[in-house]
Amino acid sequence: MENVYSFWELTLIPKVQQFYNNKYLTAIRRTFYVLIPFWLTISALDVINNLVLNPNGLVMSKQGLNLGFWLTNGLSGEDFLNSNFARILATYKGIIDIGYEIITILIASILSRHLAEIFDSDKYLTIFCSLAAFLLMSLTTTDNVGDFSDYFSRRGYFSAFLVAFSSSWLFARLSKIQRLRIKIPKLVPEEYARYTSLTLPIFLTLVTFSVLSLIFTILSTTANSIELYLSNLEIFQEPVFVMIYQFTVWLLWWLGIPGYAVTSKIMEAGYIPAQLSNQLGETSEIFTTGFFEAGVIHVMGLIIAILVFSQHEHWRSISKFSLPIMMFNVQEVFIFGLPVILNPIFLLPYLLAPLANVLVGYVAISWGIVPIFQIDIPWTMPLILSATIGTHSIMGGILQIVWLIMDIFIYAPFVITANSIEMQD
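Participant: When you look at the overall build of the chain in this model, what are you seeing that I'm missing?
Facilitator: The helix and strand inventory of the chain stands at 19 helices and zero strands. When each of the 425 residues of the chain is scored for burial, the buried share is 49%. In the chain, once contacts between residues fewer than 6 apart in sequence are set aside, the share between residues at least 24 apart is 71%. Taken as a whole, the chain presents about 20,600 Å² of accessible surface, with 68% of it coming from carbon and sulfur.

Participant: It is not clear to me how the side chain of Ser-319 should be interpreted in this structure. Could you clarify?
Facilitator: For Ser-319, the location among the structural elements is in helix H15 (residues 313-326). Reaching out from Ser-319, the side chain makes a polar contact with the backbone oxygen of Trp-315 at a distance of 2.8 Å. Apart from residues lying up to four places away in sequence, Ser-319 is in contact with Ile-303, Ile-306, Leu-307 and Phe-334.

Participant: For this particular structure, what's the right way to read the packing of aromatic side chains?
Facilitator: Any two aromatic rings considered together are summarised by their centre-to-centre distance and by the angle between their planes. Throughout the structure, instances matching the rule amount to 10 aromatic pairs. Plain terms: the ring middles of Phe-236 and Phe-241 are 5.4 Å apart, the flat faces sit at 85° to each other, and that makes the pair edge-to-face. Judged by its relative accessible area of 5%, Phe-236 is buried. Geometrically, the ring pair formed by Tyr-245 and Phe-292 is edge-to-face, given 5.6 Å between the ring centres and 80° between the ring planes. One end of the pair, Tyr-245, is in helix H10 (residues 239-254); the other, Phe-292, is in helix H13 (residues 289-292), with 47 residues separating them in the sequence. For the pair shown, Tyr-245 and Phe-292 are each scored as buried. By way of ring pairs, the aromatic residues Tyr-245, Phe-287, Phe-291, Phe-292, Tyr-362, Phe-373 and Trp-403 are connected into one cluster.

Participant: Sorry if this is basic, but what is going on with the packing of helix H14 (residues 297-309) against H15 here?
Facilitator: In helix packing, the relevant descriptors are the interaxial angle and the interaxial distance, both defined with respect to the helix axes. One way to put it is that H14 packs onto H15 with a least axis distance of 9 Å and a crossing angle of 140°. Judged by the inter-axis angle, H14 sits oblique to H15. Here the hand of the crossing between H14 and H15 comes out left-handed. Judged by residue contacts, Val-299, Met-300, Ile-303, Ile-306, Leu-307 and Val-308 of H14 engage Trp-315, Arg-316, Ser-319, Lys-320, Ser-322, Leu-323 and Met-326 from H15. Of the residues assigned to the contact of H14 with H15, the class counts are nine nonpolar, two polar and two charged.

Thresholds applied
Residues numbered from 1 in each chain as written. Predicted model: local features only at pLDDT ≥ 70, side-chain atom pairs only at ≥ 80, totals over all residues. Heavy atoms only, no water. Helix = DSSP H or I, 4+ residues; strand = E, 2+ residues; numbered from the N terminus. Buried < 20%, exposed > 50% of the residue type's maximum accessible area, 1.4 Å probe, protein only. Contact = heavy atoms within 4.5 Å. Areas by Shrake-Rupley, 256 points an atom, 1.4 Å probe, with all protein chains shown as cover. Polar contact = N/O pair within 3.5 Å; in protein donor to acceptor, adjacent residues only side chain to side chain. Phe/Tyr/Trp six-rings, centres within 6.5 Å; stacked < 30°, edge-to-face > 60°. Axes fitted to C-alpha atoms, helices over the stretch in contact; angles between N-to-C directions. Parallel < 35°, antiparallel > 145°, perpendicular 65-115°, else oblique. Left-handed = near helix turned anticlockwise from the far one by under 90°. Nonpolar A, V, L, I, M, F, W, Y, C, P; charged D, E, K, R; others polar.

So, in structure tokens, the structure goes:
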């Protein structure tokens, strides 16, 4: 144990502080601090939509509490879904989608503001370049039914980060090249001259992203063909492939990149069709969207492990605050607030726990202990309840409880050892 402590004290602790104080990570963290109230608001609205207002959801539908039947004077099934009342409820989802799109725009603008300080460029022009570049990418790609459209709309967080970094860096580099600055007569106002002189760097930055947008639009046709080909393969049900897929998802999350957003095409090509096929009774596939819906349950395991084993008041405070939010699968507040992102203390368990869940879930379902996931459950459905409804069996909820207990024990040794580390707030 003394050797382990020495390793952590001499090797790991400096790495933790180095990662924590990285200027780019600091910019990302400050961006998310500003966004947390917006994120909580839109997440709460999404929970209300999925659980209460969704015509096909737990409260309104015939499969749930059937409240829609009573609110429409006896309409049910297709009659209820085609009613004006159900259509009004369905429009609420559009409001949620707009909210997520606003968050992506806020990510691009706030992050570029912090990057302007790092790159020593004009903050206003950097923000405007970032927003314009992101809108060029999003408006062009989403006007086409292409494979890249989802990356630049709604939850296109990864794209917002990527565009903000690349456009801010490119504009900053170009603006420092004196030959690209327009010479303005000396008699004009200083502020006018400063901004006007940077017209060419702005022009070149936006032209670059216009070309990139055109390339993505062209590639979307090829990507659609690849997705159609992959959807016919059985590789998505192979445990080895699923392990690689989950490893990639959570490694991206640890790097601060929304893993499921980046790999959404794998979900669309392999696991959404499997879920729909199970729902129609045509197949009995193990790995479906329902199986992965509570993927963040291992993060709940970390929260509980911290509350039980940690002596860090900062960690415990963040965990207590995040606990009720995590019940609805919203992990961003916790993983950026602790932080888990780019924190080497939690890298190993953060990758190991979801892989262990995949193996245990595969064995439990393939052996017939737990039924397959038959219903596509909204991602905000509370933990335990989601699997119970999704599998039509209490055993689905028990499976998630087993996952949670297992994850707590996976995280526990790392949390206990980390008691010797004083993280800066």
